[in-house]
Amino acid sequence: VLNSTYQMNTEEQTSKTLQEVAVDIERDVGTMVNYIKIIDSDNEFPNVPLLNLTTLEDEKYCIAVTTLGIIIIGYDHDQKNGLLGLRNVHGSKAPKLTHQASLVESNEKFYETIYGLLDHISPLYRSAFCNAISSRLLQLQNELNDQ
């Protein structure tokens, strides 16, 4: 847990890299949420990985992993309404997604990491995250004491 090494804001990101980020997200936070699963991409945005997420509070979301960061696109599993606010802007090797007014008006924002998003939407995640760090530190301390 807590060993993710992804960087979101690089224009040279490819869809494969974004897919790898989605896999990392699924793996890294799986024990700190009730449910997280990569789902089929939207036909209009095939290079944007999507995940269904249920927080420890049992709140359901659909999130997208983009070159600008992670964003909530729906408030239920498989709800992709927020994708309508994303538009392709060409001009680099990989399409870049831009944040449109419709998302700003609904107070949605891009998060640099899944941890930032979860910290914002899930108080119970914060506790689980702190517990995971504490457990890991105790494990390391015990390993040092055993040497």
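Overview of the structure. Along each chain, numbering runs from 1 in the same order as the chain's sequence is written. Where local features are concerned, this predicted model is filtered to residues with pLDDT of at least 70; where side-chain atom pairs are given and counted, the filter is 80 or more; whole-chain, interface and lining totals use all residues. Based on all heavy atoms of the structure, the side-chain values leave hydrogens and waters out of the count.

1. Description of the sheet that holds strand E2 (residues 50-54)
Stage number 1. Pairing between two strands requires that DSSP report at least two bridges joining them. Comment: elements are numbered from the N terminus, with helices defined as DSSP H or I runs of at least four residues and strands as E runs of at least two. Judged by pairing direction, the sheet is antiparallel, and its four strands sit side by side in the order E1-E2-E3-E4 without closing on themselves. On the outer flanks of this sheet lie strand E1 (35-39) and strand E4 (69-74), each paired with one strand and no other. In this sheet, neighbouring strand axes are inclined to one another by 30 degrees on average, regardless of whether the strands run parallel or antiparallel.
Stage number 2. Summarising the sheet, strand E3 (residues 60-66) and E4 pair through five bridges and their orientation is antiparallel. Its bridge partner being in E4, Val65 is matched across the sheet by Ile70. Whenever a helix is involved, its axis is fitted only over the stretch in contact; in every case the axis is a line through C-alpha atoms, and angles between N-to-C directions fall within 0 to 180 degrees.

2. Details of the packing of aromatic side chains
The description of an aromatic ring pair uses the distance of the two centres, along with the angle that the planes make with each other.
Stage number 1. For Phe, Tyr and Trp, where Trp contributes only its six-membered ring, two rings pair if their centres lie within 6.5 Å, and the inter-plane angle classes them as stacked under 30 degrees, edge-to-face over 60, or tilted in between. Throughout the structure, instances matching the rule amount to three aromatic pairs.
Stage number 2. Arranged with centres 5.9 Å apart and planes meeting at 50 degrees, the rings of Tyr115 and Phe129 form a pair that is tilted. Here Tyr115, found in helix H3 (residues 114-121), pairs with Phe129, found in helix H4 (residues 123-146); they are 14 residues apart in sequence, far enough to count as distant.
Stage number 3. Take Tyr115: its relative accessible area is 18%, and that puts it in the buried class. Working definition: with a 1.4 Å probe on protein chains only, accessible area under 20% of the residue-type maximum means buried, over 50% means exposed, and in between means partly exposed.

3. Section: H3
Stage number 1. The set of residues buried in H3 consists of Ile114, Tyr115, Leu117, Leu118 and Ile121. The buried side chains of H3 occupy one side of the element, clustering within an arc of 160 degrees when seen end-on. What the arc describes is the spread of directions from the helix axis to the C-beta atoms.

4. Describing H4
Stage number 1. Between its terminal C-alpha atoms H4 stretches 35 Å, which fits the 34 Å expected from 24 residues at 1.5 Å a residue.
Stage number 2. Turning to H4, its buried residues are Tyr125, Ala128 and Ala132.
Stage number 3. What makes two residues a contact is simply this: any of their non-hydrogen atoms within 4.5 Å. The inward-facing, buried residues of H4 abut H3. By this rule the span expected of a helix is its residue count minus one, scaled by 1.5 Å.

5. With respect to the pairing of E4
Stage number 1. For E4, the tally of buried residues reaches six of six residues, placing the bulk of the element in the interior.
Stage number 2. A loop of two residues connects E3 with E4, the two strands running antiparallel in sequence.

6. Quick word on the side chain of Thr66
Stage number 1. Note that Thr66 resides in strand E3.
Stage number 2. According to the relative accessible area criterion, Thr66 is buried, its value standing at 1%.
Stage number 3. By the criterion applied in these results, polar contacts are pairs of N or O atoms within 3.5 Å in which, for protein atoms, one can donate a hydrogen and the other can accept it, and in which residues neighboring in sequence qualify only through two side-chain atoms. Polar side-chain contacts of Thr66 include one of 3.1 Å to the backbone nitrogen of Leu68.
Stage number 4. At 2.8 Å, the side chain of Thr66 forms a polar contact with the backbone oxygen of Gly69.

7. Digging into unusual backbone geometry
Stage number 1. Notably, Asp58 is not glycine yet its phi reads approximately 65 degrees, a positive angle.
Stage number 2. Residue Asp58 is classed as exposed on the basis of its relative accessible area of 52%.
Stage number 3. Despite not being glycine, Asp78 has its phi angle at roughly 65 degrees, a positive value.
Stage number 4. Along the chain, Asp78 turns up in the loop between E4 and strand E5 (86-89).

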